[in-house]
Amino acid sequence: MRITVLGCGNSTGVPSIGCSCDVCLSDNPKNKRSRVSVLVEEQGVNLLIDSSPDLRQQALQNNVLRVDAVLYTHAHADHTMGIDDLRAFNYLSGKTLPAYGNTSTMDTLVARFPYIFAHKTDKIFYGASLSAHSITDAPISGFEINGISITSFDQIHSKIKTLGYRIDKFAYSTDVNILPETAFEALAGVEVWVVDCLRYTEAYSHSHLEQTLGWIDRIKPRLAILTHMAHEFEYDRLSNELPTGVVAGYDGMVIEL
Ligand SMILES: [Zn+2]
Ligand SMILES: [Zn+2]
Ligand SMILES: [Zn+2]
C-alpha cells in the first residue's frame, strides 16, 4: 500500500492569505500546506479521501492520473470544494466515479452539486460525474470498493460527525475533536495513522497537540502523521518537539506499507 499526503493544512491553508507570521513567510516547502486530502493506492485501486479546493494542483504535483473512488470524511468546504476538478478523472477513465460518505455528507453534496450527481445517459462528460453511495450510519461500518475492504468509523467534529477511514493497516482521522470509544475499537492495531492536530492550543472542533499525542499513546501505531495543521506549527520546530514514531505531515509525503 502506498499513501500520499496530498495536503495537510487547515481550512485556510498555509500560508494564510494576508498573514505575515514567520511560518506563512517561511521559504521551507514543508511549511506550505494545501487543504487536507490523501491518496491511498492499494492493490491497484486508487482511493482519494476528500476533494480539497487544492485538488487540481495536488493531482498535477503528485501525478495522480487515476481515481477509482472518493471517500468523503464530511461536507465542509475545505474537504469538498475541488469536486468539479474530479471531472479530469471522468475524462481519463470514461466512467462515473463512485463517492462514499455518511448519509448527511452525501445528502449535502447531492443538494449542493445536483449537476454532478445527475444520472448521465451517455459517456461524454461535460462536468464531473459522481454516483452517491451512503455508508450505513452505524458507529463502525464495513464495505468494499473493487475488492478492497474499508472500515468507516464515527468521529465527533464539534456539532457534526465525520467519518474516519481504516484500510488494512492504515487509518485516517481528520476533523475530529472527540474520538468515541468505537473509534478506538476501529483503530486498534493500526500501523500508520494520519491524525488531526490543528495547533498547540485547544480548538473548538479540532484536536490540539497534547490531546492528539494522548490518542497516539493509547493507539500506539508504528507511525503517526499529524495533519490539518495551521500556521502555529513551524515544521522544523514541531518536528523537534515530537516523540519517536510521531511526525508532522507535509504536502507530497509518501509512505509505503
Ligand atoms: Zn477541515
Ligand atoms: Zn501565518
Ligand atoms: Zn471540518
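Now for a quick tour of the structure.

About the criteria used
- Residues numbered from 1 in each chain as written.
- Chains lettered and ligands numbered in written order.
- Predicted model: local features only at pLDDT ≥ 70, side-chain atom pairs only at ≥ 80, totals over all residues.
- Heavy atoms only, no water.
- Donors = N, O, S within 2.8 Å, 3.2 Å for Na, K, Ca; no water.
- Tetrahedral: all angles 85-135°; square planar, octahedral: opposite > 155°, others 65-115°.
- Helix = DSSP H or I, 4+ residues; strand = E, 2+ residues; numbered from the N terminus.
- Buried < 20%, exposed > 50% of the residue type's maximum accessible area, 1.4 Å probe, protein only.
- Pairing = 2+ DSSP bridges.
- 1 Å grid on protein atoms, 1.4 Å probe; cavity = no way out; pocket = protein on both sides within 12 Å on 5 of 7 lines; lining within 4 Å.
- Points joined across faces, edges and corners; volume = space filled by probe spheres on them.
- Nonpolar A, V, L, I, M, F, W, Y, C, P; charged D, E, K, R; others polar.

1. Focus: the coordination of the zinc ion (ligand 2)
Around the zinc ion (ligand 2), the protein contributes the donor atoms Cys19 (SG), Cys21 (SG), Cys24 (SG) and His231 (ND1), which lie 2.1 to 2.3 Å from the metal centre. The coordination sphere of the zinc ion (ligand 2) comprises four donor atoms, whose angles at the metal cover 104 to 114 degrees; the geometry is tetrahedral. Linear spacing of the donor residues for the zinc ion (ligand 2) on their chain is C-x1-C-x2-C-x206-H. One end of the pair, Cys24, is in the loop between β1 (2-7) and β2 (37-42); the other, His231, is in the loop between β12 (223-227) and α8 (235-241), and 207 residues separate them in sequence. Among the residues examined, Cys24 registers a relative accessible area of 5% and is labelled buried. What makes His231 partly exposed here is its relative accessible area of 25%.

2. Looking at the pairing of strand β14 (residues 253-256)
On β14, burial follows the alternation: Met253 and Ile255 on one face are buried, whereas Val254 and Glu256 on the facing-out side are not. Alignment of β1 against β14, held across four bridges, turns out to be antiparallel. Residue Thr4 lies in a different strand from β14, and its bridge partner there is Val254.

3. Remarks on the layout of surface pockets
Of the pockets and cavities examined, the largest pocket occupies roughly 190 Å³. What lines the largest pocket is simply Leu55, Arg56, Ala59, Leu60, Asn63, Val64, Leu65, Asp85, Arg87, Ala88, Phe89 and Leu92. Of all the secondary structure elements, the ones that give two or more residues to the lining of the largest pocket are α1 (55-61) and α3 (87-93). When its residues are assigned to classes, the lining of the largest pocket shows eight nonpolar, one polar and three charged.

Any link to function would need more than the numbers given here.
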